[in-house]
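A closer look at the structure
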Amino acid sequence: MSKLIINIISQEKKLAEIEADSLTAPTTEGEITVLPGHLPLFTRLKTGELTYRNAGSKELFAISQGFLDVGLNNSITIIVDSLSNTRNLNTVEIQKAIQKAQESLKHGKESGLAQEELVKIEASLKQALLEEKLAHKTTKTKL
């Protein structure tokens, strides 16, 4: 059976290159699963849980919004702002990030911060909350 070749990139660098049996991703239209031989597809991703399976094992990532491109020959390109492997999540650091983002959001609204900056703060809060959810979901989380 052939494998999917998944390349995950950000604007700055290649974040991961993975060979997998399947990929499940959160799109703006709902969750999709891609298997080898999938038809070409281009879709928008929303912040959420990206899962790939390989030889019976499952790996979870927290991703920000972005794009997914399923090409020919089982190649997949994922473009996201951020990617966190759930094996590397630290609940103490996540709690600090949530608290910092909540405080920044509160002070930003009170001080009349530009809407663009508020959107960035809200995105970082959403990402931290997702990481917290996934950290509790996996048994491989570091304490």
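Here the structure is shown first, and the text comes after it.
Now for a description of the structure that goes with this document. These numbers were taken from a predicted model, which means no experiment stands behind them.

Turning our attention to the overall build of the chain. Across its full length, the chain holds two helices and ten strands. Starting at the N terminus, the α and β elements of the chain follow one another as β-β-β-β-β-β-β-β-β-β-α-α. On the principal axes, the C-alpha backbone points of the chain span a range of 55 × 35 × 25 Å. Counting all 143 residues of the chain, 40% fall into the buried class.

Structurally, Gln99 can be placed in helix α1 (residues 91-110). Judged by relative accessible area, Gln99 falls into the partly exposed class, the value being 47%. With 97 residues separating them in the primary sequence, Gln99 and Ser2 have C-alpha atoms 44 Å apart.

This brings us to the pairing of strand β1 (residues 4-9). Across six bridges, β1 lies against strand β2 (residues 14-20) in antiparallel orientation. Residue pairing in the sheet places Ile8 in a bridge with Ala16 of β2. The sheet contact formed by β1 and strand β9 (residues 75-80) spans five bridges and is parallel. Bridging across to β9, Ile9 finds its partner in Ile79.

Attention shifts here to a nonpolar patch on the surface. A contiguous nonpolar surface patch, about 280 Å² in accessible area, is contributed by Phe42, Phe67 and Ile79. Inspection of the secondary structure assignment puts Phe42 in strand β5 (residues 41-45).

The subject of this paragraph is the side chain of Thr51. Structurally, Thr51 is set in strand β6 (residues 48-54). A polar contact of 3.5 Å, which involves the side chain of Thr51, links it to the side chain of Glu49. For Thr51, the residues in contact, after removing those within four places along its chain, are Ser22, Leu23, Thr24, Lys58, Glu59 and Leu60.

Conventions we followed
The residue count restarts for each chain, going from 1 along the sequence in the order it is written. Predicted model: local features are reported for residues with pLDDT of at least 70 only, side-chain atom pairs are reported and counted for 80 or more only, and whole-chain, interface and lining totals are derived from all residues. Calculation of side-chain values draws on the structure's entire complement of heavy atoms; hydrogens and water are dropped beforehand. Here a strand is any run of E in DSSP of at least two residues, a helix any run of H or I of at least four, and the numbering for each starts at the N terminus. Between buried and exposed lies partly exposed: a residue is buried under 20% and exposed over 50% of the maximum accessible area for its type, with that area taken using a 1.4 Å probe on protein chains only. Strand pairing follows a simple DSSP-based rule, namely that at least 2 bridges must link the two strands. In this analysis, a patch consists of residues with relative accessible area above 30% that form no salt bridge, clustered at 9 Å for like charges and at 5 Å for the nonpolar side chains Val, Leu, Ile, Met, Phe, Trp and Tyr. Method for areas: the Shrake-Rupley scheme with a 1.4 Å probe, in which residue coverage is limited to the protein chains shown. For this document, the term salt bridge refers to a Lys or Arg side-chain nitrogen within 4 Å of an Asp or Glu carboxyl oxygen. Residues adjacent in sequence count toward polar contacts only when both atoms are side-chain atoms; beyond that, a polar contact is any pair of N or O atoms within 3.5 Å, and within protein one must be able to donate a hydrogen and the other to accept it. When checking whether two residues touch, look at their non-hydrogen atoms; a contact exists if any pair is within 4.5 Å.

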